[in-house]
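Residue-level listing of the chains:
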Amino acid sequence: MTAPLTPPHQPQPNDPWQNPPTGSHVLPGEQPGPDERRAELRQAAVIAVVLTVAGAGLGLLWLWLAPRVPLVSDDTAVFLKNSEGEEAIGADGTFVLLALAFGLVSAAVVFLLRRRGGIPLVVGLALGGLLGSLLAWGIGTWFGPTSDVVAHAKEVGKGVTFDAPLELHAVGAAMLAWPIAAMIVHLGLTALFGPRDPEPEWESPYGAPRAETGDGAASGAPEWPAAEAGRPADKPDPGRP
């Protein structure tokens, strides 16, 4: 005699860890239309232009706050008045700190105006921050002390202290500070406070979603035949002892 065959374990249809049924697939979500995509591209272009213009403010602040490097001439050469000074490093640090602040503020303003976010907006932030940094660098060097040190030394005379040109030594870090800060802050704000996408819905292989009945079992789930009264569920195999 053999033991009655028992059906294999059937997972509960409402088990959250259960795999989706064979042949099912995720229903496609709402995709942005052409008009919405064009609107996002226009907004990204406006953001890039506005941030580029804002780079003028960064350049003027850098020109105002950056420390000056004092030079002195003896009619034969031009020397640093203070050879152990850190004014040159201070100019780079001032630019980077101002660029980080501009990146934080610009990302926060863009997020408040457009909470939904999107790749075009992030690209606009990065491009505008980079162009704004380039404009700020140009304004600071153009309106700062002249770059013709020899002519400036002859003009002021021997032994008179004058300012060296305003320069950036770490150009790469200074140019990328604004766009990197803007992207990181905007992505962080979007992840924390942005709208959430709806959960994906699974479609059954037969074209209609599975509906649950009153007792919690899903309709269409396979049912095992019950044994009739007074009759075993499975007959013994006569060929086996």
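Please read all numbers here as calculations on a predicted model, not as lab measurements. (Residues numbered from 1 in each chain as written. Predicted model: local features only at pLDDT ≥ 70, side-chain atom pairs only at ≥ 80, totals over all residues. Heavy atoms only, no water.)

A word on the overall build of the protein
- Looking only at helices and strands, the protein has five helices and five strands in total.
- Burial status across the protein gives 25% buried among its 241 residues.
- Of the accessible surface of the protein, which amounts to about 16,400 Å², a share of 64% is contributed by carbon and sulfur atoms. (Helix = DSSP H or I, 4+ residues; strand = E, 2+ residues; numbered from the N terminus. Buried < 20%, exposed > 50% of the residue type's maximum accessible area, 1.4 Å probe, protein only. Areas by Shrake-Rupley, 256 points an atom, 1.4 Å probe, with all protein chains shown as cover.)

Points about the packing of aromatic side chains
- Across all of its chains, the model carries two aromatic pairs by this definition.
- Ring geometry for Trp62 and Phe95: centres 5.1 Å apart, planes at 85°, overall edge-to-face. Of this pair, Trp62 sits in helix H1 (residues 34-65) while Phe95 sits in helix H2 (residues 87-113); the two residues are 33 residues apart in sequence, bridging distant segments of the chain. Taken as a pair, Trp62 and Phe95 share a single burial class, namely buried.
- Here Phe102 and Trp178 contribute two aromatic rings whose centre-to-centre distance is 5.3 Å and whose plane-to-plane angle is 65°, an arrangement assigned as edge-to-face. Highlighted residues: Phe102 in helix H2 and Trp178 in helix H5 (residues 171-193), separated in sequence by 76 residues. (Phe/Tyr/Trp six-rings, centres within 6.5 Å; stacked < 30°, edge-to-face > 60°.)

Some remarks on the confidence of the model for the protein
- Mean pLDDT over the protein: 76, with 66% of residues reaching 70 or higher.
- Within the protein, strand E1 (residues 25-26) has the poorest average pLDDT of any element, 51, and helix H3 (residues 119-143) the best, 94.
- When the criterion is pLDDT under 50, residues 216-222 qualifies, and its contacts beyond four places in sequence or with other chains add up to twelve contacts.
- Counting interchain partners and residues more than four positions distant, the pLDDT-below-50 stretch residues 226-230 has two contacts. (pLDDT = per-residue confidence, 0-100. Contact = heavy atoms within 4.5 Å.)

With respect to the pattern of salt bridges
- Applying the stated rule across the entire model yields one salt bridge.
- For the salt bridge of Arg114 with Glu40, the shortest nitrogen-to-oxygen distance reads 3.4 Å. Remark: Glu40 occurs in helix H1 and Arg114 occurs in the loop between H2 and H3; sequence separation between them is 74 residues. (Salt bridge = Lys/Arg side-chain N within 4 Å of Asp/Glu carboxyl O.)

Focus on a nonpolar patch on the surface
- Residues Leu127, Leu130, Leu131, Leu134, Leu176, Ile180 and Ile184 make up a contiguous nonpolar surface patch of about 580 Å² in total accessible area.
- Looking at the nonpolar patch, the elements that each hand over two or more residues are H3 and H5.
- Here the element with the most residues in the nonpolar patch is H3; it accounts for four residues.
- Relative to the elements of secondary structure, Leu130 occurs in helix H3. (Patch = residues over 30% accessible without salt bridge, like charges linked within 9 Å, V, L, I, M, F, W, Y side chains within 5 Å.)

Let's talk about the nonpolar core
- Grouped together as the largest cluster of nonpolar side chains are 22 residues, with contacts concentrated most on Leu58, Trp62 and Phe95.
- Per-element tally for this core: the top contributor is H2, with six residues. (Core = buried A, V, L, I, M, F, W, Y, C linked by side-chain atoms within 4.5 Å.)

Looking at the pairing of strand E2 (residues 70-73)
- Inspection of the sheet shows E2 paired to strand E4 (residues 162-163) by two bridges, in the antiparallel sense. Looking at the pairing, Leu71 lines up with Phe162 of E4.
- Relative to strand E3 (residues 78-80), E2 runs antiparallel, the two being bridged by three bridges. In the sheet register, Ser73 faces E3, and the bridge partner there is Val78. (Pairing = 2+ DSSP bridges.)

Digging into the packing of H2 against H3
- For the pair H2 and H3, the least separation of the axes is 11 Å and the interaxial angle reads 145°. As H2 runs across H3, the sense of the crossing is right-handed. Here Phe95, Ser106, Ala107 and Val110 of H2 come into contact with H3, specifically with Leu125, Ser133, Ala136 and Trp137.
- Residues of the contact of H2 with H3, tallied by class, amount to six nonpolar, two polar and no charged. (Axes fitted to C-alpha atoms, helices over the stretch in contact; angles between N-to-C directions. Left-handed = near helix turned anticlockwise from the far one by under 90°. Nonpolar A, V, L, I, M, F, W, Y, C, P; charged D, E, K, R; others polar.)

Re H5
- Here H5 spans 34 Å end to end across 23 residues, near enough to the 33 Å set by a 1.5 Å rise per residue.
- Largest kink in H5: about 40°, centred on Ala177, with the proline Pro179 one to four residues after it.
- Every buried residue belonging to H5 is among Ala174, Met175, Ala177, Trp178, Pro179, Ala181, Ala182 and His186, and all of these are buried.
- Among the structural elements, H1, H2 and H3 are those in contact with the buried residues of H5. (Expected span 1.5 Å × (residues − 1). Bend = angle between axes of the 7 residues up to and from the residue.)

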